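Structural overview for review
One-letter residues, chain by chain:
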Amino acid sequence: MKQYLLLTSALVASGLLNSGVANAACIKTPTCSSLGYESTTSCTGGLKCPFGNAWNCTFINKITELEKVIENIQKEEALANCKIGDILYHDMTCNTNMVASKTPIGVIFDVTNGLAIAKDEFANLVWGAVVEDVSGVQNSSSVSTSTADWQGFKNTKAMYEADKSGVNYPAIKKVLTYSTTGTEQGQWYLPAAGELQAISTNKDTLNTTLAKIGGTQMSGNYWSSSEQNSGSSYYIGIGNNSSSTGRKVAKNKAKPVINFGSKNKVDVAYNNGASPCLVGSILYSDKKCYSADAQSGKTPIGIVFDANRRTAIALESSKSGMFWGWNGDIPGLTNIENVAKAKQDFNGKANTAAIKAYRSSLTGYPAAGYAYEYKTTGTNAGEWYLPALGELNTVYSNKDYMNYALSLVGKKDIPTDYYHWSSSESSDSYAWDLSFSDGNVYNYDKGRNNHYVRPVLAF
């Protein structure tokens, strides 16, 4: 800077700054393109042209390409030292024997693709809470074609993108939120049917290593991430071949899988705050719904069974069976003699109110009385009611999701040893009820049969 000032002073003193000599020293400002700034859009890590809005991305692209080459070399070196049944450690290395300085996180089942199962697993999971085709998951029409599907990571990511509430695909949520020392949420995924078949084929070797590292040995049925159609998904009984079943019916296990030679990761950001009140959502005392996870500091009061009508069942049925009530026609209750029509009755609240209006004390009507007097934190007597048959039938249609959500809040499945009363009347002496063991509907004598009661809340 000092030399620059001295030179300037000298030029001024000599009068050269005002002469043609100074003008001849000026050069034209170069263009961005002439300097190699060829991109018109910005790029992360790129260089910006100092003379305009242009970027040079070549350098960063070369670095990215080099990083991929290095990653592939590292993957090949890692796989060269691994074999099926080896222990996978937290630093993504493998060894046949236990290494005291490292944390075991899984067991390798496929060397070619660098795949390993987790030491842990999850049980009693339904695959999905909705009947729909997941965009991005290719359907396999048969068991034999399902085992050609090795796209477990892609399938899992597609299902996450289809539902970020965590309600519709509980098995996916469990796997994606799993992590260990050395791994993050989103790295583990639900294996496709082909990957799961490879696991099943090597079950004895894998179980031996799982026992060695204190993991859960595999047995029973496990979900894959492969779909058959909008209503069925594939699972495998460990030691057997692939099979398909209704995703809303069965409860199977889920074994997380990781590609330990890849940096693939789903950016998991499930909405753990209040979410839309979907079927299977847990309803809390503040009348807000949350995805299928118990929320600490909040009091659960019900499980949503009808999203459109915003209705939820209580967390428990009555402790024992009870009569519907005295025989006799109740004013305000329509007698429905046909099963199909009875299943269209969604007026449980109005039905219960009619019984209450007929007998204000509800003496002689224990089923309606139990539901009407039921209350929880955040609700009062009179808000809950005896469901109509249409409502009760909807609960049965979503029974698996009800039971799964109930398990998350520490409650038992809906009992199946007795029928459940509805508030729908068949005649002056009979009312409709439903069995949660098979969904069968009957009209029983109101005063001679003991059945359960499951209160319902419209919120």
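Keep in mind the model is a prediction, meaning the values are calculated, not measured. (Residues numbered from 1 in each chain as written. Predicted model: local features only at pLDDT ≥ 70, side-chain atom pairs only at ≥ 80, totals over all residues. Heavy atoms only, no water.)

Observations regarding helix H13 (residues 399–408)
- Summarising burial for H13: eight of the ten residues are buried, a large majority.
- Lys399, Asp400, Tyr401, Met402, Asn403, Tyr404, Ala405 and Leu406 are the residues of H13 that are buried.
- Where H13 is buried, its residues touch strand S7 (122–125), helix H6 (170–176), strand S14 (282–284), strand S16 (300–306), strand S17 (311–314) and helix H12 (389–397).
- Positive phi appears at Gly410, one or two residues downstream of H13, with a value of about 80°. (Buried < 20%, exposed > 50% of the residue type's maximum accessible area, 1.4 Å probe, protein only. Helix = DSSP H or I, 4+ residues; strand = E, 2+ residues; numbered from the N terminus. Contact = heavy atoms within 4.5 Å.)

Concerning the state of the cysteines
- Following the criterion strictly, the structure yields four disulfides and no others.
- Covalent S-S linkage joins Cys32 and Cys49, the inter-sulfur distance amounting to 2.1 Å. The S-S bond linking Cys32 to Cys49 shows a torsion near -85°; that makes this disulfide left-handed. Of the two residues, Cys32 is situated in the loop between helix H2 (20–24) and strand S1 (47–48) and Cys49 in the loop between S1 and strand S2 (55–56); the sequence distance between them amounts to 17 residues.
- For Cys32, a relative accessible area of 14% translates into the label buried.
- For Cys49, a relative accessible area of 1% puts it in the buried group.
- A sulfur-sulfur distance of 2.0 Å marks the disulfide that ties Cys43 to Cys57. Looking along the S-S bond of the Cys43-Cys57 disulfide, the torsion reads about -100°, which is the left-handed sense. With a gap of 14 residues between them, Cys43 in the loop between H2 and S1 and Cys57 in the loop between S2 and helix H3 (58–80) connect regions that are remote in the sequence.
- A residue is classified by how much of its surface remains accessible, and Cys57, at 8% relative accessible area, is buried. (Disulfide = S-S within 2.5 Å.)

Points about the sheet that holds strand S6 (residues 115–118)
- Pairing within the open sheet is antiparallel, and its six strands lie in the order S4-S3-S5-S6-S13-S8. Bordering the open sheet on either side are strand S4 (94–95) and strand S8 (188–189), each of which pairs with just one other strand.
- As paired elements, strand S5 (residues 104–110) and S6 share four bridges and run antiparallel to each other. If you follow Gly106 over to S6, its bridge partner there is Ala118.
- Sitting on the sheet, helix H8 (residues 203–212) touches strand S3 (87–89), S5 and S6, and the angle it makes with S5 is about 170°. (Pairing = 2+ DSSP bridges. Axes fitted to C-alpha atoms, helices over the stretch in contact; angles between N-to-C directions.)

Considerations on the pattern of salt bridges
- Summed over all chains, the structure comprises 16 salt bridges.
- For Asp86, the salt bridge goes to Lys83, with nearest N and O atoms at 3.2 Å.
- Residue classification places Lys83 among the partly exposed residues on the basis of a relative accessible area of 44%.
- Note that Glu161 is salt-bridged to Lys164, the shortest N-O span being 3.5 Å. (Salt bridge = Lys/Arg side-chain N within 4 Å of Asp/Glu carboxyl O.)

Side note on the sheet that holds strand S19 (residues 419–425)
- The three strands are arranged S19-S20-S21 in an open sheet whose pairing can be described as antiparallel. Looking at which strands have only one partner, the edges of the open sheet turn out to be S19 and strand S21 (441–445). Here the strands of the sheet are splayed against their neighbours by 40° on average, with no regard to which way each runs.
- Two strands pair when backbone bridges link them, and S19 and strand S20 (residues 430–435) are joined in this way by four bridges, in the antiparallel orientation. Its bridge partner being in S20, Glu425 is matched across the sheet by Ala431.

Focus: helix H11 (residues 366–373)
- Turning to H11, its buried residues number three or more, namely Ala367, Ala368, Gly369 and Ala371.
- The secondary structure elements touched by the buried residues of H11 are helix H10 (348–358), strand S18 (384–385) and S19.

Here we look at the pairing of S19
- Among the seven residues in S19, seven count as buried, and that is most of the element.
- Neither face of S19 is left uncovered, since the one carrying Tyr419, Trp421, Ser423 and Glu425 and the one carrying His420, Ser422 and Ser424 both have all their residues buried.
- Counting the residues in the hairpin turn of S19 and S20 gives four residues.

Looking at unusual backbone geometry
- Of note, Met92 is a non-glycine position whose phi angle comes to about 65°, a positive value.
- Position of Met92 among the secondary structure elements: in the loop between S3 and S4.

Structural notes on the packing of aromatic side chains
- Taken as a whole and assessed by the stated rule, the structure comprises 17 aromatic pairs.
- Seen from their ring centres, Tyr358 and Tyr365 are 6.2 Å apart, and the 75° between their planes marks the pair as edge-to-face.
- A relative accessible area of 39% places Tyr358 in the partly exposed class.
- Pairing Tyr374 with Trp384 gives two aromatic rings, centres 5.0 Å apart and planes at 80°, and the pair type is edge-to-face. With Tyr374 in the loop between H11 and S18 and Trp384 in strand S18, this pair connects stretches of sequence that are ten residues apart. (Phe/Tyr/Trp six-rings, centres within 6.5 Å; stacked < 30°, edge-to-face > 60°.)

Here we look at the confidence of the model for the protein chain
- Looking at the protein chain as a whole, the pLDDT averages 87, with 86% of positions reaching at least 70.
- Every residue in residues 1–24 scores below 50 in pLDDT, and together they form seven contacts with partners more than four places removed in sequence or on other chains. (pLDDT = per-residue confidence, 0-100.)

A few points about the side chain of Thr180
- Within the fold, Thr180 resides in the loop between H6 and S8.
- Among the polar contacts made by the side chain of Thr180, one reaches the side chain of Thr183 at a distance of 2.8 Å.
- Those residues within four positions of Thr180 in sequence are excluded, and the remaining contacts are Ile105 and Trp188. (Polar contact = N/O pair within 3.5 Å; in protein donor to acceptor, adjacent residues only side chain to side chain.)

Let's talk about the side chain of Asp163
- Along the chain, Asp163 falls in the loop between helix H5 (152–162) and H6.
- Once residues within four sequence positions are removed from consideration, Asp163 is found in contact with Asn168, Tyr169 and Tyr270.

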